[in-house]
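Structure assessment
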Amino acid sequence: MSLRKRAGKRRSTDSGVEPDRGALSQEKKNQRIALFLSDFDQQAKEHIQEMENELQLMLQMVEKAFTVELLKMPAAIRKMKRKDFLSKCVRPEM
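The paragraphs below set out a description of the structure included in this document. Note that the structure is predicted; figures quoted are calculated from it, not measured.

Reading guide: rules and limits
Residues numbered from 1 in each chain as written. Predicted model: local features only at pLDDT ≥ 70, side-chain atom pairs only at ≥ 80, totals over all residues. Heavy atoms only, no water. Helix = DSSP H or I, 4+ residues; strand = E, 2+ residues; numbered from the N terminus. Buried < 20%, exposed > 50% of the residue type's maximum accessible area, 1.4 Å probe, protein only. Areas by Shrake-Rupley, 256 points an atom, 1.4 Å probe, with all protein chains shown as cover. Patch = residues over 30% accessible without salt bridge, like charges linked within 9 Å, V, L, I, M, F, W, Y side chains within 5 Å. Salt bridge = Lys/Arg side-chain N within 4 Å of Asp/Glu carboxyl O. Lys, Arg positive; Asp, Glu negative; His and termini not counted. Charge placed at Lys NZ, Arg CZ, Asp CG, Glu CD.

Looking at the overall build of the chain
- For the chain, the count of helices and strands is three helices and zero strands.
- Ordered by position from the N terminus, the helices and strands of the chain form the series α-α-α.
- Counting every position in the chain, which comprises 94 residues, the buried fraction comes to 0%.
- When the accessible surface of the chain is totalled, it reaches about 10,500 Å², and 57% of it is carbon and sulfur.

Encoded structure:
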């Protein structure tokens, strides 16, 4: 019995990638890194702008809710100073 390899598809050692592609020059690497960083910065700025817009919308919503709650209060209480209001609402404990 002889030990023979099966006849089949042979695999090539050539990966099909250009030999110089793996060995990019330092200048090209720096350009790619700079491009990546500038894209990252741009995306970060856009994300920050979106968050600031959302914050402004939330602040407007809170202001409106606060105004509505103030309007619900009786006029006498609205005109009252905080010190007077707190002295009438908060009773000292005995």
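Further notes follow.
Structural notes on a negative patch on the surface
- A cluster of acidic side chains, namely Asp 39, Asp 41, Glu 46, Glu 50 and Glu 54, defines a negative patch on the protein surface.
- Within the element layout of this structure, Asp 41 appears in helix α1 (residues 26-72).

Re the pattern of salt bridges
- Per the stated rule, a full pass over the model turns up one salt bridge.
- Linking Lys 72 and Glu 69 is a salt bridge whose minimum nitrogen-to-oxygen distance equals 3.2 Å. Note that Lys 72 and Glu 69 are positioned in helix α1 at a spacing of three residues, about one turn of the helix.
- Residue Lys 72 is classed as exposed on the basis of its relative accessible area, which comes to 59%.
- Owing to a relative accessible area of 44%, Glu 69 belongs among the partly exposed residues under this scheme.

Structural notes on a nonpolar patch on the surface
- A cluster of nonpolar side chains, contributed by Ile 33, Phe 36, Leu 37 and Phe 40, occupies part of the molecular surface with about 430 Å² of accessible area.
- Of note, Phe 40 is situated in helix α1.

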